[in-house]
Structures are given as C-alpha cells and as structure tokens.
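Now for the letters of each chain:
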Amino acid sequence: MVDEELFDKSSNDHSISSEEEDMLVRSYSNLNVSFGYHRNSYQRFSLDTDEYDISPKKRLETNSMMASQNGSFTCLSGAAISANFTLANTNICNGLIGEEILPELDSPNSFRKIVSSPSMSRLDLLSTSGSPGSTGSSIFEISKNIWRSSAPTTVSSNFVTSTEIKMAGGAAGEDRVQAVCSEKNGWLICGIYDGFNGRDAADFLAVTLYDNIVYYLYLLECRIKQENGLYGSSEGSLNGVKSELTLAMRFAENEDVKFSETFRAGVLKCLTTAVEQAENDFLCMVEQEMDDRPDLVSVGSCVLVVLLHGTDLCILNLGDSRAVLASMPSLGMDKLKAVQLTEIHSLENPLEYQKLLAAHPNEPSVVMGNKIKGKLKVTRAFGVGYLKQKKLNDALMGILRVRNLCSPPYVYTNPHTVSHKVTEDDLFVVLGSDGLFDFFSNDEVVQLVYQFMHDNPIGDPAKYLIEQLLLKAAKEAALTAEELMRIPVGSRRKYHDDVTVIVIILGNAQRTMTASTSL
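Please read all numbers here as calculations on a predicted model, not as lab measurements.

Brief notes about the packing of helix α13 (residues 442-455) against helix α14 (residues 461-476)
Two quantities define a packed helix pair, namely the angle between the helix axes and the distance between the axes. The interhelical angle for the contact between α13 and α14, taken along N-to-C directions, is 120°, at an axis separation of 10 Å. The angle between α13 and α14 falls in the class oblique. Every pair of crossing elements has a handedness; the one defined by α13 and α14 is right-handed. When α13 is examined against α14, the residues Glu444, Val445, Leu448, Val449, Phe452 and Met453 are found in contact with a partner set consisting of Pro461, Tyr464, Leu465, Gln468 and Lys472.

What follows is the structure, given as structure tokens:
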C-alpha cells in the first residue's frame, strides 16, 4: 500500500531570522499548489536464473504479478507559486474545460483517487488529423474516437481505469503542474506546463495530454503483444485485452538489450505523438473559436513530461522548462553531480537561434527585439498558432497581428526526447519551470535539495526550493521578504516569474536519502 500524506510544513532545521520566518509562514499561505506523495513500502525484485528458461508469455504473467511491488520512486513533492495575474477560467470547448473537467482533475493540496479520466468520456475534441503521424503499424490506425467512447467501460487496464490511480495538480498563474501515480503498477507521470499569454493552452494540456499518453501507450502494448503472439483466440481487439500496460514494460526489462532499447524508443514516440495530438486538437479549437476568442491564437505553453517506471525514465520537453538529475557515484560520496536531461528551446540557446535563422534564410526580420517576430523568446512550444499558421495570424486585427509573416512556422512543435536508465548512483530528479532557473543554476538546485533532505528527513524539498527562491528574489530587489510577499500578483512579476517545481526521489536513493524513507 501507499501511504499518502502532506509533508510537515513546519519542519526546517536551518536557523533563519525572524523576518525570514515571517516570510516563510506567509509563503505557505501563498502557495497555489503544494502536494506530497510517499510510497510506504519499497522492495526491489529480481528473477531467479531458472525463470529465464520459461516462455515469454509465462514470464510476462509472472512479472505482471510483481508489478505492484515496483520501486521506481520513493516519494515526490510538488509546489508552485504564482507571480502573473491571469483569468482563472477557460472558456474554450464551450466552457467545458474550465467549468467541469478541470475542477475534477485539480487537487492542489494532496493526491486523490480517480476512477477514470473524465475528459476521455466527456470531452469530444474534433481533430482534423485523427491520430497524427505515421506509425508503420495498422494498430495505430484505430480511431481515437472509438477509444474515447469505449475505454472507460471496456478496457480493463488498471493503468487507465483503476481506482488505485491518484492524481494531484493545479495552476499557479499561467503555470500548470500535474502528477499521476499508479499504486499497483508503479507508473509515475509528471507534467509541468508553463503557459504564456494566458492559461488556456496549459489548461488544455492538463485536461488532454495524460489521456493521449495513456492511449498511445495502450496501443504500443497491443502492438507488442500482437508481434509476440501473446493474444489468445478471443483477445485480438481493443475490447478483448485483459492485461495491464505494465506487461510490455516488464517484457522489455527482461529481454535482450536491443529489444529494451526498441521499446523505450516506442515509449518516447508515444509521448511525442501524444503532444502532436494535443496540438492538433488545440489549434482546431482555436480556429473554431476565433470569433469569440481571437486572443487564443497567441496563447501557448512550454511542455515538460516525465514518465518513470522501474529504472526507465522517459522525458519530453518543448521550451525552457528543465529536468535535472542528481547523481552521486558510490565511490565518491562527496561529489554530487547535476545532469540536465532536457534541452533549452529559446533564443538564448545559440543552436536554436541558428536553426531558426537557417530555416528562414531570406527573411531579415525573423528576430526583432531579441524575440521571434518581436513576440516570443521560446523557439519550440505548444499552441501559439499565429506564429505557426498564416490563416490564424490573418484573422487578427491591429497590433496583435504579426507583420511580415512570410514563411511560417517560426515556432516549432518537434520536442526533445530522451530516455535514461536509472542507476544506483541516481538520487533524485528536479523538474522546474524556467522561473526556478532564473535564480538558481542546475548545480545550485541539486545542492539545495540534497542538503535540505539530509537535514530535514520529514521536510518538503519542492516547497523549500520555492522558499529559497523568494528569499533570493527579495534580496536582489533590495526588499525584505515580507515586502516582497505583500506585492500583489501581477506586479510581483517584476521580481520573479511563476514558479513550478516537482522533486522525485528515485527508488535507488535509499543509500543516501534518509528523507525518502522517513516521511
């Protein structure tokens, strides 16, 4: 079983001034999102050598029974604080997202169980492309509309419909954070969606992207099982599958290296296709609602998604949010290492800058005022349709319209993906929107988390990072911490951005992270 609880908000062994203490107390009340999750039991399993002689199908069935013992992560915490003022309602999809679906998904102070994702059965998105991309397999051509209408009642995969799935998440300004855990199967999916020019794109991702990921992972499992003859005579369709999504992953873990790499590549493809599907659906909605909401063409979001299962860590990112891995070699306990697993897709990255110019060689006004077409710094993002499609830009009037839109797109949706095999040296992963890294380097972030968890075994590292950021922001502005916290949202954007953080303590961190076993 998993023991779910909020982290102790009052625990902090560091000595601080009374002024800082007042600020920290105030910051707790100002946090828009603050959740924690702890796996109370942890045990790693391995198969005996003799068991490798059994058939692949039998091996999969055996490993499936062990999936509930998965030790992919020990605990995680998430926290977010807003600085931008934004309207907290989403009127796209006839208000269905803002009025009905988001309230059911949001759980900003703790995890709660979900029976099935409400958006699959209640949000009827009209996509011009259906399932995007060419998959090379007929099973990927199954209509997604059939999936959305039938999955909650006909598919028995616990990853999709089990009451043991828990979700937490919410909004902070234009940022959105989301985490989904499967207790039985040991899956963890985390998403940080850093919105800009409004919250609608980030809200849309919070409603749809998890569903899309589940859908394409499910089809990947179906394809693998077909290729390996794991269906019985009555198990040849979506409606007949009686197993769990973890079967394919367990198969990958125990087969040869080549197969495992192929499967991980398939998972990364699933993440990519899920984002493509969400983008197609979003831009379709934007076009439909242009008359009432022309501002939607400028709304976008960065995307950071992490999928963790066992020792497989799969990551996708668009924009400038980051995932940073902290590792420490067993023979060098005093040498903590920060490894950035994501790319920075903005004009501040020279490679991205040059790629953008190379894509528009005969256009002198691609970058104006250190922004793409004078509008945006990120080179890859979700949404922001007016920099991708001429027809969306042409629908705008006045100063909102981009001049000289000669050869769109100027902002791209092709994400960076990477898979990492977690080792005994890996301790934790920090996910953060760019607001975190405006104040701290990768090395500083992992050092802060490591030292805090060493000193505070029942503390919350995500919240602690935000507290330290607020202290630093106040100091740089020559303000007291209390003065900074009194500045209202909107005006406070002059001093710091919306900040969203998730810290995942990996299962292998038992060696050094006493905090991961003491919550």
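Looking at the state of the cysteines
The tally for this structure, following the rule as stated, stands at zero disulfides. Looking at Cys270, it has no disulfide partner, and the nearest cysteine sulfur is the one in Cys314, 9.6 Å off.

Examining the layout of surface pockets
Of the voids in this model, the largest pocket is the one considered here, and its volume is about 720 Å³. What lines the largest pocket is a set of 26 residues, and nearest its centre among them are Asp320, Lys377, Asp434, Arg493 and Asp497. Those elements giving two or more residues to the lining of the largest pocket turn out to be β6 (188-196) and α12 (434-437). Considering each element in turn, the lining of the largest pocket owes the most residues, three residues, to β6. Among the residues forming the lining of the largest pocket, the class breakdown is seven nonpolar, five polar and 14 charged.

A word on empty space enclosed by the protein
Following the criterion strictly, the structure yields five cavities of 30 Å³ or more and no others. Along the walls of the second largest cavity sit Gln178, Val180, Ile189, Cys190, Gly191, Tyr193, Tyr210, Ile213 and Val305, which together make up its complete lining. Elements supplying a minimum of two residues to the lining of the second largest cavity: β5 (175-182), β6 and α7 (200-227). The element contributing the most residues to the lining of the second largest cavity is β6, with four residues. Grouping the amino acids of the lining of the second largest cavity by side-chain chemistry returns seven nonpolar, two polar and no charged.

So, the side chain of Asn317
The residue Asn317 is located in strand β8 (residues 312-318) in this model. Within the structure, the side chain of Asn317 is placed 2.7 Å from the backbone oxygen of Glu343, a separation counted as a polar contact.

Digging into the pattern of salt bridges
For the coordinates displayed, the defined rule picks out 18 salt bridges. Between Lys463 and Asp460 there is a salt bridge; the shortest N-O distance is 3.2 Å. Across this residue pair, the class does not change: Lys463 and Asp460 are buried. Put simply, Glu482 and Arg486 hold a salt bridge, and the shortest N to O gap is 2.4 Å. In this pair, Glu482 and Arg486 are both assigned in helix α15 (residues 481-486), four residues apart and thus about one turn of the helix distant. Overall, the relative accessible area of 24% leaves Glu482 in the partly exposed class. Among the charged side chains, a network of salt bridges with common partners joins Asp106, Arg176, Arg199 and Asp203.

Procedures and definitions
Residues numbered from 1 in each chain as written. Predicted model: local features only at pLDDT ≥ 70, side-chain atom pairs only at ≥ 80, totals over all residues. Heavy atoms only, no water. Axes fitted to C-alpha atoms, helices over the stretch in contact; angles between N-to-C directions. Helix = DSSP H or I, 4+ residues; strand = E, 2+ residues; numbered from the N terminus. Parallel < 35°, antiparallel > 145°, perpendicular 65-115°, else oblique. Left-handed = near helix turned anticlockwise from the far one by under 90°. Contact = heavy atoms within 4.5 Å. Disulfide = S-S within 2.5 Å. 1 Å grid on protein atoms, 1.4 Å probe; cavity = no way out; pocket = protein on both sides within 12 Å on 5 of 7 lines; lining within 4 Å. Points joined across faces, edges and corners; volume = space filled by probe spheres on them. Nonpolar A, V, L, I, M, F, W, Y, C, P; charged D, E, K, R; others polar. Polar contact = N/O pair within 3.5 Å; in protein donor to acceptor, adjacent residues only side chain to side chain. Salt bridge = Lys/Arg side-chain N within 4 Å of Asp/Glu carboxyl O. Buried < 20%, exposed > 50% of the residue type's maximum accessible area, 1.4 Å probe, protein only.

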